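Each chain, letter by letter, is given below.
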Amino acid sequence: METAVAITVGIVFGSGVYLVLQRNLMRFIFGLILMSGAVNVSLFVAGRLTRGAPPLVPGGASVPPEGVANALPQALILTAIVIGFGLVAFALVLLLRTYERLGTVMTDELTERLDDPKPVPGFGDDDALRSDGAS
Amino acid sequence: MSSWWTVAPVALPLAAAALAFALVGQRSAQRVIATLTALALVPLSVALLMRVSQLGIQTAQLGDWPAPFGIAFVADHFSAIMVVITAIMAAATAIYALSDIDPARESLQYHPLFLVLVAGVNGAFLTGDLFNLYVWFEVLLISSFALLTLGNLRNQLEGGLKYVAVNLVSSLLFLASIGIVYGLTGTLNFADLAVALRDAPAGLVTVVAMLFLVAFGIKAAIFPLFFWLPASYHTPPIAISAFFAGMLTKVGVYALIRVFTLLFTHDVAWTHGVLAWLAALTMVIGVLGAAAQNEVHKILSFHIVSQIGYILMGLAIFTPLALAAAVFYLAHNIFAKANLFFIAGMMRRAGGSFDLGRLGGLYKTHLWLALLFIVSAFGLAGFPPLSGFWAKALVVLASLDAGNAWLAATALGVGLLTLYSMTKIWQGAFWAPAPTERAAGESASWPLVVPAVVLAGLTVVLGLASEPFIALANAAAAELMNPDLYIDAVLNGSLGTEVAP
Amino acid sequence: MTSLILRTATRLLLAVLLLFSVFLLLRGHDLPGGGFIGGLVAASALALYALAFGSSAAAALLPVGPRPLMGVGLSAAALAGLLAALAGRPFLTGLWFVQDFGGYTLKLSTPLLFDVGVYLVVVGVVLTMVFGLEDD
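Being a predicted model, the structure only gives us computed values, none of them experimental.

Thresholds, definitions, all that
The residue numbers shown here count from 1 along each chain, following its written sequence. To read the labels, note that chains go from A and ligands from 1, taken in the order they are written. Local features in this predicted model are restricted to residues whose pLDDT is 70 or higher, and side-chain atom pairs enter the listing and the counts only when it is 80 or higher, whereas totals over whole chains, interfaces and linings include all residues. Derived side-chain values reflect all non-hydrogen atoms in the structure, with water molecules and hydrogen atoms excluded from consideration. Secondary structure elements follow DSSP: runs of H or I of four or more residues count as helices, runs of E of two or more count as strands, with numbering from the N terminus. Just to be clear, the radius of gyration here is over C-alpha atoms, and the globule rule we use is 2.2 Å times residues to the power 0.38. Summary of the burial criterion: residues with accessible area below 20% of their type's maximum are buried, those above 50% are exposed, and those between are partly exposed, where the area comes from a 1.4 Å probe applied to protein chains only. The Shrake-Rupley method, run with a 1.4 Å probe, gives the accessible areas here. Residue values count only the displayed protein chains as cover. As used throughout, the charge tally considers Lys and Arg to be positive and Asp and Glu to be negative, leaving His and the chain termini uncounted. For this purpose, a charge sits on NZ of Lys, CZ of Arg, CG of Asp or CD of Glu. The criterion used for residue contact is that any of the two residues' heavy atoms lie within 4.5 Å. Summed over both partners, buried area is the accessible surface (1.4 Å probe) that two parts give up on being assembled. Any Lys or Arg side-chain nitrogen located within 4 Å of an Asp or Glu carboxyl oxygen qualifies as a salt bridge. Basically, the charged four are Asp, Glu, Lys and Arg, the nonpolar ten are Ala, Val, Leu, Ile, Met, Phe, Trp, Tyr, Cys and Pro, and anything else, Gly included, counts as polar. To estimate how far a helix should reach, multiply one less than its number of residues by 1.5 Å. Here the aromatic set is Phe, Tyr and Trp, taking the six-membered ring for Trp, and pairing holds for ring centres within 6.5 Å; pairs whose planes are under 30 degrees apart are stacked, those over 60 apart are edge-to-face, and all others are tilted. Note on scores: pLDDT gives the predictor's confidence for each residue, bounded by 0 and 100. Here the nonpolar core consists of buried residues drawn from Ala, Val, Leu, Ile, Met, Phe, Trp, Tyr and Cys, with membership extended through side-chain atoms lying within 4.5 Å. We treat two strands as partners when DSSP finds at least two bridges between them. Patches draw on residues past 30% relative accessible area with no salt bridge. Two like charges within 9 Å are joined, as are two nonpolar side chains (Val, Leu, Ile, Met, Phe, Trp, Tyr) within 5 Å. Axes, fitted as lines to C-alpha atoms, cover a helix only where it is in contact. Angles between the N-to-C directions of the axes lie from 0 to 180 degrees. Working rule for handedness: look at the near helix, and if it is turned counterclockwise from the far one by less than a right angle, call the crossing left-handed; if clockwise, right-handed. Just so you know how the angles are binned, under 35 degrees is roughly parallel, over 145 roughly antiparallel, 65 to 115 roughly perpendicular, and the rest oblique.

> Requested: an account of the overall build of chain B, with residues and values cited.
Secondary structure summary: chain B contains 21 helices and 2 strands in total. For 501 residues, the compact-globule estimate of 2.2 N^0.38 gives 23 Å, and the C-alpha radius of gyration of chain B, at 22 Å, lies within 12% of that figure. Overall, chain B is about 75 × 55 × 40 Å in size when its C-alpha atoms are taken along their principal axes. Considering chain B as a whole, with its 501 residues, one finds that 67% of them fall into the buried category. As displayed, chain B offers around 15000 Å² of accessible surface, 69% of which is attributable to carbon and sulfur atoms. The positive charge centre, built from 19 side chains, and the negative charge centre, built from 21, are 16 Å apart in chain B.

Have a look at this one:
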């Protein structure tokens, strides 16, 4: 079972890497989502796949009964999913803002549009803030 | 109750950040909270360092769950020194920000984000658990993402995207490596891991070590993984750049030093040999990159990379003297580098630009600025009697001691090239005749000057009275070279009973 | 979006989902549930409302903006950790306050306070993002 899951992880991670290498940043983010899914599953496999009962301690006892699932990878994955969710959401918002301001999501066009922005119609382009880094 | 000292450097900024977030819209209240918290961190962290010096390695078990089951916070000399440095940098940055961060960015929650960043950095330094290290890394990353792109200027977005993209990939690699380590040993507590990895198959451990090297190497900006840094660090306001330049890559370096002294010491000849090559290449490529730049803050960004090489070199040589050199170098470099960023910010205000072609004549109009620059720049380049001299001397001595003459030669050569970059800034900004037409410079206010003077003073003190600081670095190195102290403090210190790994 | 069906359904669903989210939050300590999932349910209820009526209408439903919500939530979580100091225990140690009221047991604890904090933070964070992606 572990082998099958490991191969799946490999395939999903590989697809993620393929997407991450694209010039289109939207695909880059999709690639990240695939990769983080694959990593989470691999964390789960690292805790060994067993058909166990839910890891709950019954009332009155201080240790869980025999044969429960390993709870630690689940806790780790839950944390990792939450963090990944936040990071991907942030990256999406950032990409949206970039698209508004620079008019492109292609990596090779970003730099050349710095001095020659093509704002997307319908979005504002006000430089309300002092520019510190502009050369 | 003693465990609170260990937790305080994380809990205080986190609680302050929460309070500041709750006070959205009250900019001056947020400013007061951020500044007071940053200032309060200094005595708190110094107290922690003193406790560590007097009582040995301090541990805290969060929620009273014993190690290795709960989350442990551990402060040894190395961690405590880093926490003290963070506190000083946070205080300096908070004061500088009073004048450097505009109201628009303050309304975008600069202050709470900065406090979260400080909490994340301290958390990464103090945690005693691999997964918890990942969490703190993410805490500091997400706040650094937000700070880097605060204001959504075009060049910030462009630089920020690169920074975010590369760091997200690095985080995924880190997480994947954690998964493999957990599969290998069944534990994630540093101390417990160190014990368990001794019995693990050496080949697999080397593979994991290399995975961690890549994951942390991206964050530390070592060769060949540094390209995101010069592409993004110059875009936000100087107060943010300076803290990033000083602290963030150093968190990656800290993580490298921690795992390559505590966990991956099974095959030093191979793993640390790789580190030595990377250190040399990082030094050389970084300084060459800087030579090609013509704007103050971009030159400085490349120098961050170059300086990381020196610290890595100390880790690669892996003797007590070399590690002490690395720790001392860390402290020296953070202060000198961040201060150069502070000074660059004042140069831009005085001269209206970061571009060396457009600056000039500042020596005549701003003598005090020239003096501050000289102290920090020569400190960075390693002139006696400033802090950089001792830092470089220790690194070179350690590599000669270990029979690593080529590494020592590289370090000295790179030192010369560093001096070249610094004289280039000096020549362009201070000595060259002032350009005929120039926007009237703004006068520097005290919040800009005070942190720069304090940090320049630290560079001098670290140089002139280096003995106690080198003693501290030696104490840190001694603990790093003897992981059993760390393991014993975590697994037995707070428990009193033996816990089977 | 101006679908009549969505708008009508959302009005009904909003209250049910919010109630359900509080149920999940309070159930969380001994059974599956908790602040995180409760917060997600509450946030998705408000996000649904934002989809149907626009984010400004959804923001008007909240007494405070999403960012202060995050702040209050984080403060509650931090307070839950710091309260342990009063009892002289390490950071984040759970403290319990159990009281019997004629057959019903009231269990208050710092983990519950922590969970409430998590709930508010999740609502705040998700809504900040939803509003950020939707407006302008």
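Don't stop here, the text continues.
> Pulling in residues and values, what's your account of the interface of chain B and chain C?
Taken together, the contact pairs 16 residues of chain B with 18 residues of chain C. Summing both sides of the interface, chain B and chain C together bury roughly 1400 Å²; the carbon and sulfur share of this comes to 75%. The three residues of chain B that bury the most area against chain C are B:Trp4, B:Phe21 and B:Asp64, which together make up 34% of that side's buried surface. At the surface where chain B touches chain C, the tally comes to 0 salt bridges. Element by element, the count of residues in the side of chain B that touches chain C is highest for helix H1 (residues 3–22) of chain B, at 9 residues. The residue makeup of the side of chain B that touches chain C, split by class, is 11 nonpolar, 4 polar and 1 charged.

> Describe helix H3 (residues 77–100) of chain B, and please don't skip the residues or the numbers.
Here H3(B) spans 34 Å end to end across 24 residues, near enough to the 34 Å set by a 1.5 Å rise per residue. The buried count for H3(B) comes to 21 of 24 residues, which makes it a mostly enclosed element.

> Account for helix H16 (residues 367–381) of chain B, naming residues and giving values.
Over its 15 residues, H16(B) extends 21 Å from the first C-alpha to the last, a length consistent with the 21 Å expected when each residue adds 1.5 Å. If you follow the buried residues of H16(B), they end up packed against helix H13 (296–317), helix H14 (320–351), helix H15 (362–365), helix H17 (387–401), helix H18 (405–431) and helix H19 (446–464) of chain B.

> Give me the packing of aromatic side chains: which residues, what numbers.
All names here are of chain B. Applying the stated criterion across every chain yields a total of 34 aromatic pairs over all chains. Considering the side-chain rings of phenylalanine 114 and phenylalanine 243, the 5.2 Å spacing of their centres and the 75° angle between planes classify their relative orientation as edge-to-face. Remark: phenylalanine 243 occurs in helix H11 (residues 238–262) and phenylalanine 114 occurs in helix H5 (residues 110–126); sequence separation between them is 129 residues. By relative accessible area, which is 2% here, phenylalanine 114 ends up buried.

> Report on the confidence of the model for chain B, specifying residues and quantitative values.
Residue and element names in this part refer to chain B. In this model, chain B carries a mean pLDDT of 87, and residues with pLDDT of at least 70 account for 96%. Element-level pLDDT for chain B is lowest in H15, with a mean of 77, against a maximum mean of 94 in H5. Per-residue pLDDT stays below 50 along residues 494–501; that stretch engages in 14 contacts with residues further than four places along the chain or on separate chains.

> A description of the nonpolar core should follow, citing residues and the corresponding values.
Residues B:Phe174, B:Phe264, B:Met347 and B:Phe373 are the most contacted members of the largest nonpolar core, which totals 232 residues. C:Ala52, C:Ala58, C:Leu62 and C:Phe131 belong to the second largest nonpolar core, which has 17 residues in total.

> Summarise the pairing of strand E1 (residues 58–61) of chain B; cite the residues concerned and give the values.
Residue and element names in this part refer to chain B. Residues of E1 alternate between two faces, with Gln58 and Ala60 on one and Thr59 and Gln61 on the opposite face, all of them buried. Bridge analysis of E1 against strand E2 (residues 72–75) gives 4 bridges, and the strand direction is antiparallel. For threonine 59, the partnering residue across the bridge sits in E2 and is valine 74.

> Can you lay out the pattern of salt bridges for me, pointing to particular residues and giving the numbers?
Opposite charge on two side chains permits them to pair, given that their charged atoms come into close proximity. Residues and elements named next belong to chain B. Per the stated rule, a full pass over the model turns up 10 salt bridges over all chains. Where aspartate 484 meets arginine 198, a salt bridge forms, and the shortest distance between an N and an O atom there is 3.0 Å. Placement of aspartate 484 in helix H21 (residues 483–493) and of arginine 198 in the loop between helix H8 (190–197) and helix H9 (202–220) is noted, with a sequence separation of 286 residues between them. Since its relative accessible area comes to 52%, arginine 198 is described here as exposed. Connected through salt bridges with shared partners, the residues Arg27, Arg31 and Glu106 form a single ionic network.

> Got a sec to walk through a nonpolar patch on the surface? Specific residues and values, please.
Residues and elements named next belong to chain C. A contiguous nonpolar surface patch, about 550 Å² in accessible area, is contributed by Phe97, Phe101, Tyr104, Leu106 and Leu108. Among the elements of the structure, strand E1 (96–101) and strand E2 (104–109) are those that each provide at least two residues to the nonpolar patch. Structurally, tyrosine 104 can be placed in strand E2. By relative accessible area, tyrosine 104 is classed as exposed at 66%.

> I'd like to hear about unusual backbone geometry, residue by residue, with values.
Of all residues except glycine, most have a negative phi; of all peptide bonds, most are trans. Note the cis peptide between B:Phe223 and B:Pro224, where omega equals 0°. Along the chain, the position of B:Pro224 falls in the loop between H9 and helix H10 (228–232). Omega for the peptide link from B:Pro384 to B:Pro385 comes to 5°, which places this bond in the cis form. Although it is not a glycine, A:Arg48 sits at a positive phi angle of roughly 70°. Along the chain, A:Arg48 falls in the loop between helix H2 (25–46) and helix H3 (71–102). The backbone phi angle of B:Phe318 is positive, close to 60°, even though this residue is not glycine.

> How would you sum up the packing of H13(B) against H17(B)? Please name residues and give values.
All names here are of chain B. One can describe the packing of H13 onto H17 by two numbers: an axis separation of 10 Å at closest approach and a directional angle of 30°. For the pair H13 and H17, the crossing hand works out as left-handed. Where H13 approaches H17, its residues Tyr310, Met313 and Ile317 are matched on the opposing element by Lys392, Val395, Ala398 and Ser399. Here the residues of the contact of H13 with H17 sort into 5 nonpolar, 1 polar and 1 charged.

> Describe the side chain of B:Ser170, listing the residues and the values that go with them.
Structurally, B:Ser170 can be placed in helix H7 (residues 154–185). The residues contacting B:Ser170, other than those within four sequence positions of it, are B:Ala215, B:Ile218 and B:Lys219.

> Talk me through the pairing of E1(C); I want residue IDs and the actual numbers.
Residue and element names in this part refer to chain C. Sheet topology places E1 next to E2; 6 bridges connect them, and they run antiparallel. Among the inter-strand pairings, tryptophan 96 is bridged to a residue of E2, identified as serine 109. Two successive antiparallel strands, E1 and E2, enclose a turn made up of 2 residues, where glycine 102 displays a positive phi of approximately 45°.

> Describe the packing of H3(A) against helix H6 (residues 130–148) of chain B, naming the residues involved and giving the relevant values.
The contact between H3(A) and H6(B) brings their axes to 11 Å, and the two run at 15°. With respect to H6(B), the axis of H3(A) lies roughly parallel. As for the relative orientation of H3(A) and H6(B), their crossing is left-handed in sense. Counted together, A:Leu76, A:Thr79, A:Ala80, A:Ile83, A:Gly86, A:Leu87 and A:Phe90 of H3(A) and B:Phe131, B:Tyr134, B:Val135, B:Glu138, B:Ile142, B:Phe145 and B:Ala146 of H6(B) form the full contact between these two elements. A class-by-class count of the residues in the contact of H3(A) with H6(B) yields 11 nonpolar, 2 polar and 1 charged.

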